[in-house]
Amino acid sequence: LGFAYAGSGNGDVQEVLVPLVADGSQPFEIQAMAAYALSLVHCGTCNEDASEAAMMCLMDKSPEQLAEPCARYLILSLGILFMGAQDKADTLIEATKALPPTVSKYTQVVVMSCAYAASGNVVMVQQLFQMVAEREDDDDGTKDKPEDAPAAAAPDDGEDAPADASGAAAAGSSGGKKVEPLNYKAAAVMGIGAIAIGEDLGQSMARRAVLHALLSKEDAKTSGRRGVPLALALLNISDPQMPVVDNLSKLSHDTDTATAQAASLAIGIVSAGSNNARVATTLRNLTGYYSKDTTNDHVFVVRLAQALLSMGKGHITLSPRFGDNMATSRVGLAGVMTLCHSALDMKNTLLDKYHYMVYSVCLSANPRMLLTVDENLEPVQTQVRVGQAVDTVTLPGKPKTITGFQTHQTPVLVSVGERAELVPGKYKPAGSFLEGVCIVLPKEEATHESAAE
């Protein structure tokens, strides 16, 4: 239901799903998936009923239940509901501080990164960098000192302190059993990539900046290391730039298994639908490298990346950007972020019983070719010029918008960084941009319509 009605705001679907989320007698897995499906239907609408049901569900659960893998999708549902909402999410971000300490910061980071996704907001990027850089023994240990002093003060080992300090409150409520908090630093690194999608300069800066998270001496389970390949993937969705692919190729041989698997999947997201020959060679080499893996988990991830590479035989892209890269599809971005958040705990999600969450990329799939149709949506063959896009902002007169172009008959593939324009003839485009499925009108009709307006 979530995938079928994504972004529609359908009230009938809401009536079916909200009772499932609010019903505490249902299995936690059902509640989490219902909340996720509901968030897709109301993506970016800040729906009050859906957000209240998801938040109450989170507050009612014990730390042990919130340690289950499906809890990630319940938390992500809150972020998707406020996708691109920016300031409207401030109240929810404050409310997340009342959640159990094992998920409080993770939820805060996810909502913040989704709310400001594709905005290029520098202040939010700086806040997330501060979260990645902070030490938890200076943060959670001092906050929870009155009630958790014995548990938080015991370890004095620097690197071992974060897990003990942040899990102290959870351990107290679970009868001595220690519950590991969710790794919010990896989510913060990934959030930096999601926020910087908005514009080119911010993307190139974030691309270099997130690599600093690799220098952390903390354990990979509690540092931002596992989020680096996924942040690079979000910054280059279906745009296989070779420096990025080379960095991901190095990370795919990382000593930390989760980081290596995330990097392998990230190569697939970066090259999705491109059929890039060099990336295909890299993935084939990875298959051979991990062929002796007894669990076959890593081989499965590499095969998944190969499938994304050849998606739609090179006719489909996962990029949520459209309108000549001036707008972002919230539903499309939600689909890619679902896959990336699943990859933060791949062992318990995509490689376990939540393998079907790979289909979330269907929300982001868009045609990479230009297909012209008439007003009856019947295909029409026209001549178009396809070349490298030129930034004409601030240039006087009527400068050329493309350079080094070639003339083709539609349908034609338009690669990343390219732009298409119609050759003057008997057709005129009905819209401002030529991408995907584009309606064209005969010149005479177009003239009459403009005169009538």
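For the structure, check the block above.
Residues numbered from 1 in each chain as written. Predicted model: local features only at pLDDT ≥ 70, side-chain atom pairs only at ≥ 80, totals over all residues. Heavy atoms only, no water.

1. Quick notes on the overall build of the protein
For clarity, the threshold we go by: Secondary structure elements are taken from DSSP: a helix is a run of H or I of four residues or more, a strand is a run of E of two residues or more, and numbering for both begins at the N terminus. Throughout, exposure labels follow a simple rule: accessible area from a 1.4 Å probe, protein chains only, divided by the maximum for the residue type, with under 20% read as buried, over 50% as exposed, and the rest as partly exposed. Here, residues are in contact when the closest pair of their heavy atoms is within 4.5 Å. Here, Shrake-Rupley sampling with a 1.4 Å probe gives the accessible areas, and only protein chains in the shown set may cover a residue.
Counting its regular elements, the protein contains 21 helices and 11 strands. Classification of the 453 residues of the protein by burial places 53% in the buried group. Across the protein, contacts joining residues at least 24 apart in sequence account for 70% of those joining residues at least 6 apart. Of the roughly 20700 Å² of accessible surface on the protein, a fraction of 53% belongs to carbon and sulfur atoms.

2. A look at helix α15 (residues 228–235)
Counted residue by residue, α15 has eight buried out of eight residues, so it is predominantly covered. Residues of α15 that are buried: V228, P229, L230, A231, L232, A233, L234 and L235. In this fold, the buried residues of α15 make contact with α13 (184–195), α14 (200–209), α16 (242–251), α17 (257–270) and α20 (330–343).

3. Concerning the packing of aromatic side chains
Note the threshold: Classification of ring pairs rests on two measures: the distance between centres of Phe, Tyr or Trp rings, Trp counted by its six-membered ring, which must be within 6.5 Å, and the angle between planes, read as stacked under 30 degrees, edge-to-face over 60 and tilted in between.
A full pass over the atoms with the stated rule returns four aromatic pairs. Feature note: the residues Y36, Y73, Y354 and Y356 constitute an aromatic cluster, connected by ring pairs.

4. Considerations on the pattern of salt bridges
Pairing is possible between side chains that carry opposite charge, provided their charged atoms lie close to one another. Keep this limit in mind: For this document, the term salt bridge refers to a Lys or Arg side-chain nitrogen within 4 Å of an Asp or Glu carboxyl oxygen.
Tallied over the entire structure, the rule returns seven salt bridges. Here D345 makes a salt bridge to R72, at a shortest N to O gap of 3.8 Å. Of this pair, D345 sits in the loop between α20 and β4 (366–367) while R72 sits in helix α5 (residues 71–81), and the two are 273 residues apart along the sequence. Residue D345 shares its accessibility class with R72, and that shared class is buried.

5. Some words on α5
Among the 11 residues that make up α5, 11 are buried, leaving the element largely enclosed by the rest of the structure. Restricting attention to buried positions, one finds in α5 the residues A71, R72, Y73, L74, I75, L76, S77, L78, G79, I80 and L81. Looking at the buried residues of α5, the elements they touch are α2 (28–41), α3 (48–60), α4 (63–66), α6 (90–95), α7 (104–115) and α20.

6. Quick notes on the nonpolar core
To keep things clear, this is the line we draw: For the purposes of this section, nonpolar cores are sets of buried Ala, Val, Leu, Ile, Met, Phe, Trp, Tyr and Cys residues that join through side-chain atoms within 4.5 Å.
Ranked by internal contacts, the top residues of the largest apolar core, which has 120 residues, are M83, L234, L265 and I269. The element that contributes the greatest number of residues to this core is α2, accounting for 10 residues.

7. Regarding the sheet that holds strand β11 (residues 437–442)
Our working definition: Strands are treated as partners if at least two bridges between them are detected by DSSP.
With mixed pairing, the four strands of this open sheet are ordered in space as β8-β5-β11-β10. Every interior strand has two partners, whereas the edge strands, β8 (412–413) and β10 (427–429), have only one. Where strand β5 (residues 369–373) and β8 come together, two bridges link them in antiparallel fashion. If you follow M369 over to β8, its bridge partner there is L413.

8. Thoughts on the sheet that holds strand β9 (residues 418–422)
How we decide: For helices, the fitted line uses only the C-alpha atoms of the stretch in contact; every axis is such a line through C-alpha atoms, and the angle between N-to-C directions lies from 0 to 180 degrees.
Read from one edge of the open sheet, three strands run β7-β6-β9, paired in antiparallel fashion. Edge positions in the open sheet fall to β7 (402–409) and β9, since each of these has one partner strand only. Sheet twist, expressed as the mean angle between neighbouring strand axes with direction ignored, is 30 degrees. Here six bridges tie strand β6 (residues 383–389) to β7, and the two strands are oriented antiparallel to one another. Residue pairing in the sheet places V386 in a bridge with Q406 of β7.

9. Brief notes about the state of the cysteines
For the record, the criterion: In what follows, a disulfide is any cysteine sulfur pair within 2.5 Å.
Within the structure shown, the criterion is met by zero disulfides. We note that C57 lacks a disulfide partner, and the nearest cysteine sulfur, in C70, lies 9.0 Å from it. Under the relative-accessibility criterion, C57 is labelled buried at 3%.

10. A few points about the side chain of N47
Here is the rule: Think of a polar contact as two N or O atoms within 3.5 Å of one another; within protein, one of them needs to be a possible hydrogen donor and the other a possible acceptor, and neighboring residues in sequence only count if both atoms come from side chains.
Positionally, N47 belongs in the loop between α2 and α3. A distance of 3.4 Å separates polar atoms of two side chains, one belonging to N47 and the other to Q14.

11. Considerations on the environment of G323
Summarising the element assignment, G323 is placed in the loop between β2 (321–322) and β3 (327–328). The class of G323 is buried, set by a relative accessible area of 9%. Placed 111 residues apart in sequence, G323 and L434 show a C-alpha to C-alpha distance of 8.4 Å.

12. Details of the side chain of Q261
With respect to the helices, strands and loops of the structure, Q261 is situated in helix α17. Assessed through its relative accessible area of 7%, Q261 is described here as buried. In contact with Q261, other than residues within four places in its own chain, are D297, H298, V301, M346 and L351.

13. As for a nonpolar patch on the surface
Operational definition: The patch calculation keeps residues exceeding 30% relative accessible area without a salt bridge and links them within 9 Å when they carry like charges or within 5 Å when they are nonpolar (Val, Leu, Ile, Met, Phe, Trp, Tyr).
A cluster of nonpolar residues, L1, Y5 and V16, forms a patch on the protein surface that exposes about 290 Å² of accessible area. The topology assignment puts V16 in helix α1 (residues 11–22).

14. Observations regarding the pairing of β6
Both β6 and β9 contribute to a ladder of five bridges, which runs antiparallel. Note that in β9 the partner of V384 across the bridge is L422.

15. Things to note about the packing of helix α18 (residues 277–289) against helix α19 (residues 297–309)
Inclusion rule: In what follows, roughly perpendicular refers to angles from 65 to 115 degrees, roughly parallel to angles under 35, roughly antiparallel to angles over 145, and oblique to any angle outside these ranges. In a left-handed crossing the near helix is turned counterclockwise from the far helix by less than a right angle, and in a right-handed crossing that turn is clockwise. We call Asp, Glu, Lys and Arg charged. Ala, Val, Leu, Ile, Met, Phe, Trp, Tyr, Cys and Pro are nonpolar, and the rest, Gly among them, are polar.
For the pair α18 and α19, interaxial distance at closest approach is 10 Å and the crossing angle is 165 degrees. Considering the angle they form, α18 stands roughly antiparallel to α19. Our pair here, α18 against α19, has a crossing hand that is left-handed. In this structure, α18 contributes V279, A280, L283, R284, L286 and T287 to the contact, and α19 contributes V302, R303, A305, Q306 and L309. Here the contact of α18 with α19 is composed, by residue class, of seven nonpolar, two polar and two charged.

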